[in-house]
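Architecture and fold: a report
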Amino acid sequence: MDSSVYAFVEDLRGEGVERVLDRVSGYGAAGVTVGVVHHASRDVTPHGLSRLTVRHDGAHFPVPAELFAGLRLKPTPGHADALDGVREACSERGLKLHGWTVFLRNATLGGQHPDVTVRDCFGDRGSLTDLCPAHPDVRDYAVALARAVARLGVDSVVAESLHFRPLKPQRSFVPLGPMDAYLFGLCFCDYCMRRATDLGVDADVARDECARIVGGVLDGDAPAQGEVTRAALTAYAGPDVVAYARARSETVTTLVSEVASAVADEGSKLVFIDSTGAVKGYTDGLPTPGLAAHDAWQLGVDLVALGDLVPAFGVLAYARDAARVADDVGAYLRSVGKDREVRAVLRPGFPDSDSADRLVAKARGAKAAGAMAIDFYAYGLVPHPVLDRIPVALAEVH
């Protein structure tokens, strides 16, 4: 069974390439998935060079200038030497190298070019971290970035944030319900509106309805209760809003198709990660009831359509319960097709796994449900004793 350990370039720079890869190989993993393009964050790193690591938006390799010639958006420079010797060191140990790439989450580019970010129903661009997948400049950037990573000679390009993202305010003292937050997070930029209109949607009505409903809650109306489903959203916001939300899948599907083709042209393959599993369970490992595959439409992800276009999928199985992990993996396979490669991404420690036995149970559940690979997130974020659970879990599924 295939497997990999996610790692950050700061891990490689801080602990050394040889030491990190020796550990990954010692866990029995078949590969390492390195964050070659990542977003800004501030992370507790228990065995890092710094115990609190500040990461910046950046592409951590020398970017081929010709790929971005004439493009408005260019990768934010990161640690250009971070991958020096990594490909060779992986080959020496028989490890695969996967290029983990964050595509449309980039506050630096968003701050420099606010017009390429999402615009809410009030006309505000308050999510400068989120590049809109409908914007032509963003689409050109994503395709070029995919080619650049594929040219590193990676076994796969692991795509994160290649779709719409939910609203994530840092502070909100207004009790937005899940449906209110969803409506607030929809993008109504000119390009999204035009694409929806071309599909027969009354985009103006959808925008006005979202502004009316969310504006009412911001003015003191009671927030909507219950989870976001198409039926509940239809009853709450009307058919035009639901049709607008559905139209977003065309934007994402066509973009992912272009990226997958570009990666294949460069001799690699795309592993598409839908963030729905993280949206549901990232904080506490207790995901909301709906399975990730069933709710992926909320981010514009049409898994059935993508199953015909993408060879492999990463399922963020961020859950404490092994049965839930198995259910999520099974639902993905039913959506994308049994012949697709589905990789279950597990967290070996807090908040999902409190013991090696729990991690083993989840790895077994994922395999039984049809996962072809088990990946572990992430090397630099958890203590070494927690990482030592990985070989126990892999021994049970090989």
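Parameters at a glance
Residues numbered from 1 in each chain as written. Predicted model: local features only at pLDDT ≥ 70, side-chain atom pairs only at ≥ 80, totals over all residues. Heavy atoms only, no water. Helix = DSSP H or I, 4+ residues; strand = E, 2+ residues; numbered from the N terminus. Rg over C-alpha atoms; globule rule 2.2 N^0.38 Å. Buried < 20%, exposed > 50% of the residue type's maximum accessible area, 1.4 Å probe, protein only. Contact = heavy atoms within 4.5 Å. Lys, Arg positive; Asp, Glu negative; His and termini not counted. Charge placed at Lys NZ, Arg CZ, Asp CG, Glu CD. Pairing = 2+ DSSP bridges. Arc of directions from axis to C-beta. Phe/Tyr/Trp six-rings, centres within 6.5 Å; stacked < 30°, edge-to-face > 60°. Lys NZ or Arg CZ within 6 Å of the ring centre and 35° of its normal. Axes fitted to C-alpha atoms, helices over the stretch in contact; angles between N-to-C directions. Left-handed = near helix turned anticlockwise from the far one by under 90°. Disulfide = S-S within 2.5 Å.

The chain is annotated in an unreviewed UniProt entry as Alanine-rich protein of Nonomuraea cavernae.

This part is about the overall build of the chain. The helix and strand inventory of the chain stands at 17 helices and 13 strands. Taking 398 residues into account, the globule formula puts the C-alpha radius of gyration at 21 Å, and the chain, at 21 Å, falls close to it. Residues classed as buried in the chain amount to 58% of the 398 residues present. For the chain, contacts bridging at least 24 residues in sequence account for 76% of all contacts bridging at least 6. In the chain, 41 side chains carry a positive charge and 52 a negative one; their mean positions are 3 Å apart.

Our focus in this paragraph is the pairing of strand β2 (residues 31-38). Counting buried positions along β2 gives 8 out of 8 residues, so the element sits mostly inside the fold. Pairing of strand β1 (residues 2-8) with β2, which is carried by 4 bridges, proceeds in the parallel orientation. The partner of Tyr6 across the bridge, within β2, is Thr33. Strand direction decides the pairing type here: β2 and strand β5 (residues 58-59), joined by 2 bridges, are antiparallel. Across the sheet, residue Val37 finds its bridge partner in β5, namely Ala59.

What follows concerns helix α2 (residues 17-26). Within the sequence span of α2, burial applies to Val17, Val20, Leu21 and Val24. Looking straight down α2, one finds that the buried residues subtend no more than 90° of arc, so they occupy a single side. Gly28 sits one or two residues past α2 and shows a positive phi near 90°.

Below, the discussion takes up the packing of aromatic side chains. Here the structure, examined in full by the defined rule, presents 11 aromatic pairs. Ring geometry for Phe68 against Tyr141: centres 6.3 Å apart, planes inclined by 50°, an arrangement best described as tilted. Of this pair, Phe68 sits in the loop between β5 and α3 (86-93) while Tyr141 sits in helix α5 (residues 136-150), placing them 73 residues apart in sequence. Grouping residues by exposure puts Phe68 and Tyr141 together as buried. One aromatic cluster is present, built from ring pairs that chain together Tyr6, Phe8, Trp100, Tyr282, Tyr318 and Tyr377. Above the face of the Phe8 ring, Arg55 is positioned so that its terminal group lies 3.7 Å from the ring centre. Here the guanidinium or amino end of Arg347 rests over the ring plane of Tyr318, the centre of that ring lying 4.1 Å away.

Further remarks concern the packing of helix α15 (residues 356-368) against helix α17 (residues 389-397). Running from amino to carboxyl end, α15 crosses α17 at an angle of 35°, the nearest separation of the two axes being 9 Å. As for how α15 packs across α17, the hand of that crossing is right-handed. Of α17, the residues touching α15 (which contributes Ala356, Leu359, Val360, Ala363, Arg364 and Lys367) are Arg389, Ile390, Val392, Ala393, Glu396 and Val397.

Moving on to the environment of Val329. Relative to the elements of secondary structure, Val329 occurs in helix α14 (residues 322-336). Dropping the residues within four chain positions of it, Val329 is found in contact with Val342, Ala344, Ala366, Ala369, Gly370 and Ala371.

Taken as a whole, this structure holds 0 disulfides when the rule is applied. With no disulfide of its own, Cys189 has Cys187 as its nearest cysteine by sulfur position, at a separation of 3.6 Å. By relative accessible area, Cys189 is classed as buried at 3%. Looking at the unpaired Cys210, the closest cysteine sulfur is the one in Cys121, lying at 5.4 Å.

A separate point is the side chain of Ser268. Considering the arrangement of structural elements, one finds Ser268 in the loop between α10 (239-265) and β10 (270-274). Judged by relative accessible area, Ser268 falls into the buried class, the value being 10%. In this view, Ser268 contacts Ala150, Val154, Asp155, Ser156, Val157 and Val263; residues no more than four positions away in its chain are not counted.

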